[in-house]
Amino acid sequence: MSTLQEIQFSDAIMSRIHEYIARYPEGKQKSAILPILHLVQDEYGWMSEPVMNKVAEILSIKPIEVYEVVTFYTMYNLKPVGKYKLEFCGTSCCMLRGAENIMDYTLNKLGIKEGETTADGLFTVTRVECLGACGYAPMMQVGEDYIEHLTTESIDEFIESRRNTVK
Amino acid sequence: MGRKIILEHYDVPNLKDYNVYRSVGGYRAVEKALKSMTPDEVVQEVKRSGLRGRGGAGFPTGMKWSFIAKPEGKPRYLLCNADESEPGTFKDRYMMQYNPHFLIDGMICSAYALGCNTAYIYVRGEYKFIIKILEKAILEAKANGWLGKNILGSGYDLEIYVHTGAGAYICGEETALIESIEGKRGNPRIKPPFPAVSGLYGCPTVVNNVESLAVVAWIIQNGGDEYAKIGVGNSKGTKLISASGNIRKPGVYEIELGLSVEEFMYSDEYCGGMQHEGRDLKAVVAGGSSVPILPKELILKTASGENRLMTYESLSEGGFQTGTMLGSGGFIVYDEAACIVRNTWNFSRFYHHESCGQCSPCREGTGWLEKVLHRVEHGTGRWADIDLLVEITKKIEGNTICPFGDAASWPVASAVRHFRHEFEYHVRFPEKIKNREHFASEPMRLFINEFVK
Ligand SMILES: Cc1cc2nc3c(=O)[nH]c(=O)nc-3n(C[C@H](O)[C@H](O)[C@H](O)COP(=O)(O)O)c2cc1C
Ligand code: SF4
Ligand code: FES
């Protein structure tokens, strides 16, 4: 482990972390792990070993306790992902309204397979389970946003606009 | 028009802002409870209302509260279950998005009744936009003296915090939710002990659904008897139903319990009938993915020919042979073009993915179900597979630590029970189901004619 680079979290992140820890009783700081992991994933993009080790150190728990949690919950990225991670709901209610076709359309357009990232590092496409947007199907989640009532046009528009923002 | 309790003020712009919520009578319930009622009186009021848990199981809320242990020197916790991950369910999100203060209002009354000084709202991690809304509402409530120390000079203290999940359906199960708040994997606990005795950090804990807790505010303000006037039999009050699938108007509706399924399905006030003209209703999953699927004939009428009503009792009439459950209120509608086998495979993939893996019948069984359903749906199924599916569900059901095992079994068992002909069709005519939307051009009823010949 000594070969791994150590990470320092910024002051802004540290102060948010302490805010989270304060929500739980004295000695129960481990409770803050899920929100803290969200916070650091937003910053670093995925759960690298140095990031997880740092979280363990802050919470005074063993690194294995962080790995256990990270591998259980599906929202944590176990490897780097594209700048925009397109998570398509593929569950029943979305499927009934064309989710499979819209996801295939997106994969074809980007020239990648499910789970892959485009060569420019911009887009990753994955399939996830019901996101609680069943009445607004088909839909995908991208970061904090739910993009609902998807059509091939809205997918085109989404991809173009994101490509343009980085040009 | 049905009576609206939860959605009463939905046309009021910016209801999610504190001042607007206050202007429609918000937080009067807290005032009433803290200034003029003892905690026990609040519990009695909720008992009188007949309110049953809106998370899925329908257990009477007031009775659940009366089980909480009160050992000296131990804190008690109230946990609001906003994990909402059951496919077809999106009602809690809807309520929290437009009216977050209603939930806080109800939670303060509830926490006071239970003697809890700390409460957490466990929100699924994907609902980041909801988390922001809730955190803002909590800050507003605190700034206006509804949370914190010595609320309204009553001597009662309460803090409410949001806790973020991270993508695991099983964390909606109450003991998995508790493990998750403790910072662990969401593995359900063996019961007993029940959370009411030993829950979060080993302390007495109550877990309630978002809708159950919010409604407490209305019950306190208007009285339990007033609430109990709505509904029929042991199904009191109103219920949020999230409707999706092949209907004209998907969305969240508040109904008075007792409305007929037919009216809910076809009236313009609710689902508005079928999505595509000329395509008939095939099936409904009435209470979220876990409850048995019913064909058109059995969802509109019970086996004895009575109109099926949106109540706990009517939906479950006939047991699992011919009935289903109200569940979480996730109402999923399938038209003739939908393939029941494909849908069942889809559900089994969900359950396999979401099993926490602690018990072998669930971990292995859900994998088997997915695998067998995959091959039936993709044209390589065998006749024996159809009975095999039922056998697997029997091995899982009742043999697991938590009810997830049952939840994974029922959709499969009921699909084979009511739509066996579709499974047989898949096995017999593999070349006809190659196209993903194999029933889109020729609905199954046309196939059946051919099949029966
Ligand atoms: C696998 C599983 C998932 C569940 N998911 C939820 C959920 O997302 N939201 C919820 O309120 N209850 C859920 N429940 C039910 C809870 O365990 C618990 O019964 C409920 O939160 C109690 O609240 P209530 O009495 O107000 O209904 C789930 C149960 C199981 C077995
Ligand atoms: S039934 Fe399934 S989800 Fe529940 S504890 Fe067992 S393995 Fe986990
Ligand atoms: S099924 Fe896609 S959001 Fe629920």
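Conventions and cut-offs
- Residues numbered from 1 in each chain as written.
- Chains lettered and ligands numbered in written order.
- Predicted model: local features only at pLDDT ≥ 70, side-chain atom pairs only at ≥ 80, totals over all residues.
- Heavy atoms only, no water.
- Pairing = 2+ DSSP bridges.
- Helix = DSSP H or I, 4+ residues; strand = E, 2+ residues; numbered from the N terminus.
- Axes fitted to C-alpha atoms, helices over the stretch in contact; angles between N-to-C directions.
- Contact = heavy atoms within 4.5 Å.
- Near = heavy atom within 4 Å.
- Nonpolar A, V, L, I, M, F, W, Y, C, P; charged D, E, K, R; others polar.
- Buried < 20%, exposed > 50% of the residue type's maximum accessible area, 1.4 Å probe, protein only.
- Patch = residues over 30% accessible without salt bridge, like charges linked within 9 Å, V, L, I, M, F, W, Y side chains within 5 Å.
- Areas by Shrake-Rupley, 256 points an atom, 1.4 Å probe, with all protein chains shown as cover.
- Salt bridge = Lys/Arg side-chain N within 4 Å of Asp/Glu carboxyl O.
- Parallel < 35°, antiparallel > 145°, perpendicular 65-115°, else oblique.
- Left-handed = near helix turned anticlockwise from the far one by under 90°.
- Phe/Tyr/Trp six-rings, centres within 6.5 Å; stacked < 30°, edge-to-face > 60°.
- Polar contact = N/O pair within 3.5 Å; in protein donor to acceptor, adjacent residues only side chain to side chain.
- Domains from an automatic or database assignment.

Caption draft 1: Expanded view of the sheet that holds strand 3 (residues 159-164) of chain B. Read across the sheet, 4 strands follow the order 3-2-1-4 (chain B) without closing on themselves; strand pairing throughout is parallel. Both edges of this open sheet fall to strand 3 and strand 4 (205-209) of chain B, since each of them pairs with a single strand only. When strand polarity is set aside, the average angle formed by the axes of neighbouring strands in this sheet is 25°. Against the sheet, helix 2 (residues 33-44) of chain A contacts strand 2 (118-123) and strand 3 of chain B, and its axis sits at roughly 55° relative to strand 3 of chain B. Packed onto the sheet, helix 7 (residues 128-143) of chain B meets strand 2 and strand 3 of chain B and runs at close to 170° relative to strand 3 of chain B.

Caption draft 2: Quick peek at the environment of His163 of chain B. Along the chain, His163 of chain B falls in strand 3. Between the alpha carbons of His163 of chain B and Cys109 of chain B there is a distance of 20 Å; along the sequence they are 54 residues apart. Once residues lying within four places of it in the same chain are set aside, the contact partners of His163 of chain B are Tyr24, Ser31, Leu34 and Pro35 of chain A together with Ile121, Tyr122, Val123, Ser180 and Ile181 of chain B.

Caption draft 3: Structural view of the site of ligand 2. Taken together, 13 residues sit near ligand 2, with Cys356, Cys359, Cys362, Thr400 and Cys402 of chain B positioned nearest. Counted by class, the shell around ligand 2 contains 8 nonpolar, 5 polar and no charged residues.

Caption draft 4: Local environment of the pairing of strand 4 of chain B. All names here are of chain B. The buried fraction of strand 4 amounts to 5 of the 5 residues, a majority that puts the element mostly inside the structure. What you see with strand 4 is no split at all: Thr205, Val207 and Asn209 on one side and Val206 and Asn208 on the other are buried throughout. Where strand 1 (residues 77-82) and strand 4 come together, 5 bridges link them in parallel fashion. What sits directly across from Cys80, in strand 4, is Asn208.

Caption draft 5: Quick peek at a nonpolar patch on the surface. Residue and element names in this part refer to chain B. A contiguous nonpolar patch, built from Phe59, Met63 and Phe67 and spanning about 290 Å² of accessible area, is present on the exposed surface. Secondary-structure assignment places Phe59 in the loop between helix 3 (39-49) and helix 4 (61-66). Note on Phe59: relative accessible area 38%, which makes it partly exposed.

Caption draft 6: Focus on the packing of helix 3 (residues 49-59) of chain A against helix 4 (residues 63-72) of chain A. Residues and elements named next belong to chain A. The interhelical angle for the contact between helix 3 and helix 4, taken along N-to-C directions, is 120°, at an axis separation of 8 Å. In terms of axis orientation, helix 3 runs oblique to helix 4. The handedness of the crossing between helix 3 and helix 4 is right-handed. Contact with helix 3, carried on its side by Glu49, Met52, Asn53, Val55 and Ala56, involves Pro63, Val66, Tyr67 and Val70 of helix 4 and no other residues of that element.

Caption draft 7: Structural view of the packing of aromatic side chains. Residue and element names in this part refer to chain B. Enumeration over the complete set of coordinates arrives at 33 aromatic pairs over all chains. With 4.9 Å between their ring centres and 15° between their planes, Tyr27 and Trp146 make a pair best called stacked. In this pair, Tyr27 sits in the loop between helix 1 (18-23) and helix 2 (28-36) while Trp146 sits in the loop between helix 7 and strand 3, placing the two residues 119 residues apart along the sequence. Taking the centre distance of 4.8 Å and the plane angle of 50° together, the rings of Tyr425 and Phe429 count as tilted.

Caption draft 8: Looking closely at the site of ligand 1. Residue and element names in this part refer to chain B. Around ligand 1, 19 residues are found, and the nearest of them are Gly55, Asn81, Asn208, Asn209 and Ser212. A distance of 2.7 Å is found between an oxygen atom of ligand 1 and a backbone nitrogen or oxygen belonging to Gly55. Within the contact set of ligand 1, an oxygen atom lies 2.6 Å away from a side-chain nitrogen or oxygen of Ser212. When the free accessible area of ligand 1 is taken as 610 Å², the share hidden by the protein chains comes to 89%. Examining the composition of the shell around ligand 1, we find that 3 residues originate from one element, strand 4, more than from any other.

Caption draft 9: Region of interest: the sheet that holds strand 10 (residues 293-295) of chain B. All names here are of chain B. The strand order across the open sheet built from 5 strands is 8-7-11-9-10, with neighbouring strands paired in mixed fashion. Two strands in the sheet have a free side with no partner beyond their single neighbour: strand 8 (251-256) and strand 10. Ignoring strand direction, the axes of neighbouring strands in this sheet form an average angle of 30°.

Caption draft 10: Structural view of the domain arrangement of chain A. The domain architecture assigned to chain A consists of domain 1 (3-72) and domain 2 (84-166). Between the C-alpha centres of domain 1 of chain A and domain 2 of chain A the distance comes to 29 Å.

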